[in-house]
Structure formats: structure tokens, C-alpha cells
Amino acid sequence: MKATVITLISAALLLSGCANEFNRLYKSPDLTYKYECAKQYFALGKYQQAVTLLEDVVTSQKGRENAQESLYLLGMAQYNNGDYESASITFKKYFSSYPKGYFAEQACYNIGESLFESVPEPRLDQTPTVGAITAYQNFMDYYPESPLRDDAQNKLFVLQDNLVMKELLNAKLYYNLGGYFGNVNSNTESNYESCIITAQNALKNYPYSPLREQFSELVMKSKYHLAKNSSEEKKVDRYRDAEDECYAFINEFPESKSVSIANDFIEKCRKFTRTSN
């Protein structure tokens, strides 16, 4: 009977939409009443009000019957309210506090979901992307038979594509900076070398990426321009290295539109290496 009365009162309160009434509710010492109202705010899609009440309720619910549910509901309210960072923290707190809890599997999965929603575009810092990848990997380790596993795996592929694109943009930036500084400049060599290292690391870390050809082309071009801009004592070895890279590119990507560039580089490398013998 008491629960019914609480529900009716809460419903009337929520429908009134009065700020003063909400303030009185927030200050109420009746945790059961506040929790019931928070759940109804959540059900009505009023997530900010639900968050405000639940943040207060959760602190006081430790050791109580509704402790698990209130903490998980807080995470869901934060997530639905678009506060993904806070949601990920709350879901982590739930999973660490209740690893065998009723909502443990979903909370573990939602850590990744929250971080996934805050992943920036590839040009920006990808720290959140790395965090989301770790969260999904942890979820699949904890729950290898979960029906959510396939979705987590697909999200992992998307996140890894973000990291690969970030590396491609970095490699392109180094390559473009190398050409920007002109023909004779220490920064030119440094930027082409940085492009080569970045692209080769990406090829090693993501060997099956659909961007593999673009990374390989950047390595080939950078090695040629690195040779071209080298000091005389380094030119011969670097031209030979560039020539080898061109052949490797043609062998791996014989149908590439950049094969003509590779062949042009080979001829230019040969002219220099032949005259140096």
C-alpha cells in the first residue's frame, strides 16, 4: 500500500513539472521516495532530473537493497543524458563493486559503449579510442559467450579503423612537411624519416588494413625524396634503398595507379646509382 501511495504521489509531482516541487523533493530525507521519483523521471526521459536525484540516492544506498540498481540506473541516466564520460566512470564503479551483480555484464559492456560515444574524429587525440578498445576487449574476455560479443567485436573494428586513419594522417603530415621545407634542409630529412617510421609501424601493427597501399606508397615516396635531399655521402645507399622499395611496391600492388610513379622513381634512382659506380 505504501509503495502505491508513493508511486501516485511521485507521478503527480513529475507531471506538475514545478521547479519548487523538485527542489523540495531533492531536499527530502525520504530516500525511498526520492528513488521512486528518480525511476519515474528516468521512465519519462527526464534524465537530468533522474541523475540529480540518483547521485544523491546512490551515496546513501550503500549496503541497502537498492544499491546495485540505483548505481546502474545512474549510469544509464548519465548515458542517455549524453554525459558519456560520467557514464563510463559510473559503469566502471558498478562493475568493480558488483562483479557478480545482476547488471554486471551489461555494465561491463556499457563501459565500452560510453567511451565509444565520446570517440573523436581521427584528426584529434585518440586516447578515448584506445580506452574504448580496451573496454570492449575486457568485455569479450569476461563474457566470451555473451550475445553482445559480436557487437563489441564490430565496434572494435570501427575503433581500430580510427587509429589507422590517425596514423595515415600523421604520416601524410610528415610527408607534406618534408616537401614544404625545400630541397636542402635538415628538417626535410627528419620529416621524411618520420613519415617512413610512422607508415612502417602502421603496416606492422595493422597488416590487413585497407589503407595498406596508401601507407606503402608514402614509404616509397618518402624514401625517394629522402635520397634526393640527402648529403652526398648518403645518397647512393638511400637511392638503392628507394629503388628496392619501389620494386616492393610494384610487386605487392601491380594494379595500383601509382605503379607509374614507382617506375619513374626507379629510373631516376638508376641514373644516380649507375653514375656512382
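Residues numbered from 1 in each chain as written. Predicted model: local features only at pLDDT ≥ 70, side-chain atom pairs only at ≥ 80, totals over all residues. Heavy atoms only, no water.

### Comments concerning the overall build of the protein
Check the secondary structure of the protein and you find 13 helices and zero strands. For the protein, the N- to C-terminal ordering of α and β elements is α-α-α-α-α-α-α-α-α-α-α-α-α. Classification of the 277 residues of the protein by burial places 43% in the buried group. Within the protein, contacts between residues separated by at least 24 positions form 56% of all contacts whose residues are at least 6 apart in sequence. Of the accessible surface of the protein, which amounts to about 15,400 Å², a share of 51% is contributed by carbon and sulfur atoms. (Helix = DSSP H or I, 4+ residues; strand = E, 2+ residues; numbered from the N terminus. Buried < 20%, exposed > 50% of the residue type's maximum accessible area, 1.4 Å probe, protein only. Contact = heavy atoms within 4.5 Å. Areas by Shrake-Rupley, 256 points an atom, 1.4 Å probe, with all protein chains shown as cover.)

### Description of the environment of Arg270
Along the chain, Arg270 turns up in helix H13 (residues 259-276). Sequence separation between Arg270 and Glu243 is 27 residues; the distance between their C-alpha atoms is 7.8 Å. Sequence-distant contacts of Arg270, defined by excluding residues within four places in its chain, comprise Glu243 and Tyr247.

### As for the nonpolar core
Counting 43 residues, the largest nonpolar core has Leu25, Leu53, Leu54, Tyr72, Phe91, Tyr94 and Phe139 as the members making the most contacts within it. Beyond its immediate chain neighbours, meaning those up to four positions away, Phe91 contacts Tyr72, Gly75, Met76, Tyr79, Ala107, Asn110, Ile111 and Ser114. Ranked by size, the runner-up nonpolar core spans 15 residues in total, among them Ala171, Tyr175, Leu218 and Val219. (Core = buried A, V, L, I, M, F, W, Y, C linked by side-chain atoms within 4.5 Å.)

### Concerning the pattern of salt bridges
Pairing of side chains with opposite charge becomes possible as their charged atoms draw close. All chains considered together, the criterion is met by 13 salt bridges. Here Glu36 and Lys39 are joined by a salt bridge, their closest N and O atoms 3.5 Å apart. In this pair, Glu36 and Lys39 both sit in helix H3 (residues 31-43), three residues apart, roughly one turn of the helix. Salt bridges here are not isolated pairs; linked through shared partners, they connect Glu36, Lys39 and Glu69. (Salt bridge = Lys/Arg side-chain N within 4 Å of Asp/Glu carboxyl O.)

### Digging into the packing of aromatic side chains
Going through the model one piece at a time under the given rule, you end up with 20 aromatic pairs. Relative to Phe91, the ring of Tyr72 has its centre 5.7 Å away and its plane inclined at 55°; by these criteria the two rings are tilted. Taken as a pair, Tyr72 in helix H5 (residues 67-80) and Phe91 in helix H6 (residues 84-97) lie far apart in primary sequence, 19 residues in all. Here Tyr72 matches Phe91 in class, with each residue buried. What links up through ring pairs into an aromatic cluster is the set Phe95, Tyr109, Phe116, Tyr136, Phe139, Tyr142 and Tyr143. (Phe/Tyr/Trp six-rings, centres within 6.5 Å; stacked < 30°, edge-to-face > 60°.)

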